[in-house]
Amino acid sequence: GLIDVARYFRFIGQSMKGQVERLKGFGGANINVAFFGKKLMALCESDLPYIIDLTQDGDIETLGRWEFDMRMFANMTAHPKVDEVTKETSAYRVNFLSPFLTFFRF
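Residues numbered from 1 in each chain as written. Predicted model: local features only at pLDDT ≥ 70, side-chain atom pairs only at ≥ 80, totals over all residues. Heavy atoms only, no water.

**Q** Even after reading the chapter, I still don't get the overall build of the protein chain, so can you show me in this structure?
**A** Within the protein chain, the secondary structure is distributed over one helix and seven strands. Reading the helices (α) and strands (β) of the protein chain from amino to carboxyl end gives α-β-β-β-β-β-β-β. Every one of the 106 residues in the protein chain was classed for burial, and the buried ones make up 27%. When the accessible area of the protein chain is evaluated, it comes to approximately 7700 Å², of which 57% is carbon and sulfur surface. (Helix = DSSP H or I, 4+ residues; strand = E, 2+ residues; numbered from the N terminus. Buried < 20%, exposed > 50% of the residue type's maximum accessible area, 1.4 Å probe, protein only. Areas by Shrake-Rupley, 256 points an atom, 1.4 Å probe, with all protein chains shown as cover.)

Shown next, in the form of structure tokens:
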């Protein structure tokens, strides 16, 4: 949506000024939660997933952004799908530049 577009351009501007570290992320991770393997992830449309954990007190703790073993540095959908037969998770990403649409399988 427009908020994600505005957030993207704000992030680009802040990156160019050296105000943020791109590898640490910028997403709100407030759209969905999902398991990838044994990791619980908070998801948003404008960034990679964030690994979260529940503390013994019942609080949610953010452990960091998951870059898929340093192989992907861009956003992905907040609604991955799991194949019930193969247990593979699939997702996609939309980009302003080529490639405009990317599908991945985990």
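**Q** Help me understand the pattern of salt bridges, please; the structure alone is not making it clear to me.
**A** Side-chain pairs of opposite charge can arise where the charged atoms are in close proximity. Scanning all chains against the criterion turns up two salt bridges. A salt bridge links Glu84 to Lys87; the nearest nitrogen and oxygen atoms lie 3.7 Å apart. In terms of burial, Glu84 and Lys87 fall into one category: exposed. Glu88 is the salt-bridge partner of Arg105, the closest N and O atoms lying 3.3 Å from each other. (Salt bridge = Lys/Arg side-chain N within 4 Å of Asp/Glu carboxyl O.)

**Q** What is the right way to look at the UniProt feature "binding site: Fe cation" (unreviewed entry) in the protein chain in this model?
**A** As recorded in UniProt, the sites labelled "binding site: Fe cation" (unreviewed entry) are His79. Inspection of the secondary structure puts His79 in the loop between strand 4 (60-65) and strand 5 (81-82). On the accessibility criterion, His79 (39% relative accessible area) is partly exposed. Beyond its immediate chain neighbours, meaning those up to four positions away, His79 contacts Ile31, Asn32 and Glu45. (UniProt positions renumbered as here; feature names shortened; annotations may be inferred. Contact = heavy atoms within 4.5 Å.)

**Q** Help me understand the packing of aromatic side chains, please; the structure alone is not making it clear to me.
**A** How two aromatic rings sit relative to each other is given by the distance of their centres and the angle of their planes. This structure, assessed with the given rule, holds one aromatic pair. Between the aromatic rings of Tyr92 and Phe103, the centroid separation amounts to 6.3 Å while the plane-to-plane angle is 50°, which identifies the pairing as tilted. One end of the pair, Tyr92, is in strand 6 (residues 89-94); the other, Phe103, is in strand 7 (residues 101-105), and 11 residues separate them in sequence. Since its relative accessible area comes to 34%, Tyr92 is described here as partly exposed. (Phe/Tyr/Trp six-rings, centres within 6.5 Å; stacked < 30°, edge-to-face > 60°.)

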